[in-house]
Amino acid sequence: MSALFYLSSVVAVISTILVLTRVNAVHALLYFIVSLLSVALIFFILGAPFVAALEIIIYAGAIMVLFVFVIMMLNLSTQAAKKESQLLTPEIWVGPAVLSIILFGELIYILTVRESRPYLVGSISPKYVGMSLLGPYVLGVELASILLLTGLAGAYHLGRHDEDDEKKEDRSGGES
Amino acid sequence: MAPVPMEHGLILAAVLFVLGMAGVLMRRNIIFMLLSIEVMLNAAGLAFVVAGSRWGQPDGQIMFIFILTMAAAEVSVGLALAIRFYHMFKTLDTDAANRMRG
C-alpha cells in the first residue's frame, strides 16, 4: 500500500511536469488526465474511495472534456504550436521557476521541521461523507448549487454574446 | 498494510501546488494557465483529503467536493472567457490583453 502511494506520487509529479512543458495543448491535457488518475489512486490509498470516484468522474471526465471541446472550437493551427515553443525560452521560465522553488523549500521546511505526526487512519466510507454533507454542511451544498447556477449563467452569457457581435459585424459588412 | 505518514501526503500536495503555481507564472497561453489553476486546485483538495484522513473525519472529503464544484464553475467561465479572448485577439497569448478596453 505504501509502495503504491509513492509510485503513484512519482507518476503524478512527472505527469504534472510534462503538462507544464508541453507545447501542444491536447498532449498536455492527456498528461493531466494521467496526473488526475494517479491522484485518484492516492485518494483510494488514503482511505477516501468516494472522493477517488468523484475525481475520476468529474475531473478526468467532465472538466477535461470541457477543455477538449474548447480546444476543438478554437481550431488551433500548427503555427500556434511553433509560436508557443518560442515562448518557452529559458529567460522566460527561469525567474518564476526560482521563485517557485524557494516557496517549495519553505513548504517542505514547515512540513518536516516538527516531530513526526501519527500515521493516517483507515478508510472513511461514502456513507459518512454523505451523512455529513447533508447534515452539518447542508448550507454549503445550497451555496455550491448557487455557485454552479451562476457559473452556468456566466458561461452562457459570455458564449452567447459573441454571436451577437458576429451578426453586427456581418450586418455592418453588408451595408458597407 | 504499511501506513503512509501524513507529511508525505502533504509534501505531495505541496509539490503539485508549486508546480501549478510555476505553470501560471511561466506560461502565457491562457489554456495552459487555466490548466495550471486546475493543478493548484487539485493539490489543495489533496491536502484537505490527507488532513481528513489523518483525523478520520469526513470533513476533508466534503471540502474536496466543494473545491470540485468551485473548479467546475471556474473552468466553465474561464473557458468561455478564453473563447471570447481568442475571437477578439485571434491569439491565446495573454500579453495581447495587457491594455484596458482591449
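Being a predicted model, the structure only gives us computed values, none of them experimental.

Participant: Requested: an account of the overall build of chain A, with residues and values cited.
Facilitator: From N to C terminus, chain A includes seven helices and zero strands. Traced from its N-terminal end to its C-terminal end, chain A shows the element sequence α-α-α-α-α-α-α. Counting all 176 residues of chain A, 24% fall into the buried class. Once local pairs closer than 6 in sequence are excluded, the contacts in chain A between residues at least 24 apart make up 55%.

Participant: Please give an account of the overall build of chain B that cites residues and values.
Facilitator: Regarding its fold elements, chain B presents three helices and zero strands. Along its sequence from the N terminus, chain B presents helices and strands in the succession α-α-α. Taking 2.2 N^0.38 as the reference for a compact globule, 102 residues should give roughly 13 Å; the C-alpha atoms of chain B span a radius of gyration of 17 Å, well beyond that estimate. Each of the three principal axes of chain B carries a C-alpha extent, and together these read 55 × 25 × 20 Å. In chain B, which comprises 102 residues, the share counted as buried stands at 55%. Taking all contacts inside chain B whose residues are at least 6 apart in sequence as the whole, residues at least 24 apart take part in 49%.

Participant: Describe the packing of helix H5 (residues 90–113) of chain A against helix H1 (residues 6–26) of chain B, with residues and values.
Facilitator: Orientation of H5(A) relative to H1(B), taken along the N-to-C sense of each, is 160 degrees, at an axis distance of 9 Å. The angle between H5(A) and H1(B) places the two elements in the roughly antiparallel class. For the element pair H5(A) and H1(B), the recorded crossing hand is right-handed. The segment H5(A) lies against H1(B), with Ile92(A), Trp93(A), Pro96(A), Ala97(A), Ser100(A), Leu103(A), Phe104(A), Leu107(A), Ile108(A), Leu111(A) and Thr112(A) engaging Glu7(B), Leu10(B), Ile11(B), Ala14(B), Val18(B), Met21(B), Ala22(B), Leu25(B) and Met26(B). Taken together, the residues that form the contact of H5(A) with H1(B) break down as 17 nonpolar, two polar and one charged.

Participant: How would you summarise the packing of helix H2 (residues 30–55) of chain B against helix H3 (residues 59–89) of chain B if you had to cite specific residues and measurements?
Facilitator: Residue and element names in this part refer to chain B. Direction vectors running N to C along H2 and H3 enclose 175 degrees, while the axes themselves pass 9 Å from each other. Our classification of the angle between H2 and H3 gives roughly antiparallel. Each of Ile30, Ile31, Leu34, Glu38, Leu41, Ala44, Gly45, Phe48, Val49, Ala51, Gly52 and Ser53 in H2 lies in contact with H3, whose residues at this interface are Asp59, Gly60, Gln61, Met63, Phe64, Ile67, Ala71, Val75, Gly78, Leu79, Ala82 and Phe85. Across the contact of H2 with H3, the residue classes break down as 16 nonpolar, six polar and two charged.

Participant: Describe the interface of chain B and chain A, with residues and values.
Facilitator: Residue-level contacts link 60 residues of chain B with 67 residues of chain A. Broken down by element, the residue count for the side of chain B that touches chain A peaks at 23 residues, all from H3(B). Among the residues making up the side of chain B that touches chain A, the classes are represented as 43 nonpolar, eleven polar and six charged.

Participant: Please give an account of the environment of Leu92(B) that cites residues and values.
Facilitator: Residue and element names in this part refer to chain B. Tracing the chain through its elements places Leu92 in the segment after H3. Along the primary structure Leu92 and Ala82 are separated by ten residues, whereas in three dimensions their C-alpha atoms are 7.5 Å apart. Sequence-distant contacts of Leu92, defined by excluding residues within four places in its chain, comprise Asn29, Ile30, Ile31 and Tyr86.

Participant: Could you give me a rundown of H3(B), with the residues and numbers involved?
Facilitator: Note on helix geometry: an α-helix contains 3.6 residues per turn, so any two residues three or four positions apart are oriented the same way. Across its 31 residues, H3(B) extends 44 Å between first and last C-alpha, which sits within 8% of the 45 Å expected from 1.5 Å per residue. Backbone geometry just downstream of H3(B) places Lys90(B) in the positive-phi region, at approximately 55 degrees.

Participant: Tell me what's going on with the confidence of the model for chain B, and back it up with residues and numbers.
Facilitator: The predicted model of chain B has a mean per-residue pLDDT of 87, with 95% of residues at 70 or higher. Here the complex is predicted with pTM 0.83, and the ipTM for its interfaces comes to 0.89.

Participant: Pulling in residues and values, what's your account of the nonpolar core?
Facilitator: One finds Phe43(A), Ala13(B), Leu16(B) and Val49(B) to be the most contacted residues of the largest nonpolar core, which totals 70 residues. For this core, the secondary structure elements donating two or more residues are helix H1 (2–21), helix H2 (25–45), helix H3 (49–74) and helix H6 (126–133) of chain A together with H1, H2 and H3 of chain B. Counting residues per element, this core draws most heavily on H3(B), at 14 residues. Beyond its immediate sequence surroundings of up to four residues, Phe43(A) is in contact with Ala48(A), Val51(A), Ala52(A), Glu55(A) and Val49(B).

Participant: Quick one: what's the story with the environment of Thr94(B), residue by residue and with numbers?
Facilitator: All names here are of chain B. Considering the arrangement of structural elements, one finds Thr94 in the segment after H3. When the C-alpha positions of Thr94 and Ala82 are compared, they lie 9.7 Å apart, and in sequence the two are twelve residues distant. Ignoring anything within four residues of it in the chain, the contact list for Thr94 reads Arg28, Ile30 and Met33.

Participant: Explain the environment of Ala52(A) residue by residue, including any values.
Facilitator: Residues and elements named next belong to chain A. By the element assignment, Ala52 lies in helix H3. Accessibility expressed as a C-beta count within 10 Å gives 21 for Ala52, which makes it buried. Other than its neighbours up to four places away in sequence, Ala52 contacts Ala40, Phe43 and Phe44.

Parameters at a glance
- Residues numbered from 1 in each chain as written.
- Chains lettered and ligands numbered in written order.
- Predicted model: local features only at pLDDT ≥ 70, side-chain atom pairs only at ≥ 80, totals over all residues.
- Helix = DSSP H or I, 4+ residues; strand = E, 2+ residues; numbered from the N terminus.
- Buried ≥ 20, exposed ≤ 12 C-beta atoms within 10 Å, placed from the backbone.
- Contact = placed C-beta atoms within 7 Å.
- Rg over C-alpha atoms; globule rule 2.2 N^0.38 Å.
- Axes fitted to C-alpha atoms, helices over the stretch in contact; angles between N-to-C directions.
- Parallel < 35°, antiparallel > 145°, perpendicular 65-115°, else oblique.
- Left-handed = near helix turned anticlockwise from the far one by under 90°.
- Nonpolar A, V, L, I, M, F, W, Y, C, P; charged D, E, K, R; others polar.
- Expected span 1.5 Å × (residues − 1).
- pLDDT = per-residue confidence, 0-100.
- Core = buried A, V, L, I, M, F, W, Y, C linked by C-beta atoms within 7 Å.

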